[in-house]
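# Examination of the molecular architecture
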Amino acid sequence: MPGIDECLIEVMRLPGARGAAVVDWTSGLALGTIGESPNGDHEATAAETAEVARMAAEQPVFAQAGGPADPPVPAVEDVIVTTAPGYHILRFVETAFDSSVFLHLWLDRAEGNLALARIRLGEIAERLVLA
């Protein structure tokens, strides 16, 4: 099972990938980064994307429907923000413990494939091992 660095290398193999990070959304810290950053600063990008992830993850409107007997499942799988030059995909990572980690992929709009990137990011997130 791959760790953070291996996962980030795999993410960058996606067509149109410009940069990626593994971010803790409670602290806003980047646990690992690779490639470019949209604003030239990976740490600032991690803090900014963590705000978006936190807003989505903590909103009751996105809460999973179900009863108290249902197993806890993250209500939000991913968040996609579309800009003129590209896409930002924030994919939440499920872990055995209370995870607050997500993968952030910055994808070039002209060269990338949003659907493929979303599927592959989900597969990579499932295999990510946080030690």
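This write-up is about the structure you can find in this document.

Conventions and cut-offs
Residues numbered from 1 in each chain as written. Predicted model: local features only at pLDDT ≥ 70, side-chain atom pairs only at ≥ 80, totals over all residues. Heavy atoms only, no water. Pairing = 2+ DSSP bridges. Helix = DSSP H or I, 4+ residues; strand = E, 2+ residues; numbered from the N terminus. Axes fitted to C-alpha atoms, helices over the stretch in contact; angles between N-to-C directions. Contact = heavy atoms within 4.5 Å. Phe/Tyr/Trp six-rings, centres within 6.5 Å; stacked < 30°, edge-to-face > 60°. Buried < 20%, exposed > 50% of the residue type's maximum accessible area, 1.4 Å probe, protein only.

### Comments concerning the sheet that holds strand β4 (residues 86-92)
- With antiparallel pairing, the 5 strands of this open sheet are ordered in space as β2-β1-β5-β4-β3. The outermost strands of the open sheet, each flanked by one partner alone, are β2 (29-35) and β3 (78-82). Each strand axis lies, on average, 15° off the axis of its neighbour in the sheet, ignoring direction.
- In terms of strand pairing, strand β1 (residues 17-24) meets β2 through 6 bridges, oriented antiparallel. By the bridge assignment for β2, Val23 is matched with Ala30.
- Where helix α2 (residues 42-57) meets the sheet, its contacts fall on β1, β2, β3, β4 and β5 (101-108), and the angle it forms with β2 comes to roughly 120°.
- Across the face of the sheet, helix α3 (residues 114-127) comes into contact with β3, β4 and β5 while running at roughly 25° to β4.

### Overview of the packing of aromatic side chains
- Following the criterion strictly, the structure yields 2 aromatic pairs and no others.
- With a centroid separation of 6.4 Å and 85° between ring planes, the pair formed by Trp25 and Phe92 is classed as edge-to-face. Here Trp25, found in the loop between β1 and β2, pairs with Phe92, found in strand β4; they are 67 residues apart in sequence, far enough to count as distant. As far as burial versus exposure is concerned, Trp25 and Phe92 are alike and both buried.
- Considering the side-chain rings of Phe92 and Phe102, the 6.2 Å spacing of their centres and the 50° angle between planes classify their relative orientation as tilted. A residue pair is termed long-range when its members are at least 10 positions apart, and Phe92 in strand β4 and Phe102 in strand β5 qualify at 10 residues.
- Given a relative accessible area of 10%, Phe92 falls into the buried group.
- Residue classification places Phe102 among the buried residues on the basis of a relative accessible area of 0%.
- Ring pairing ties together the aromatic residues Trp25, Phe92 and Phe102, which thus form one cluster.

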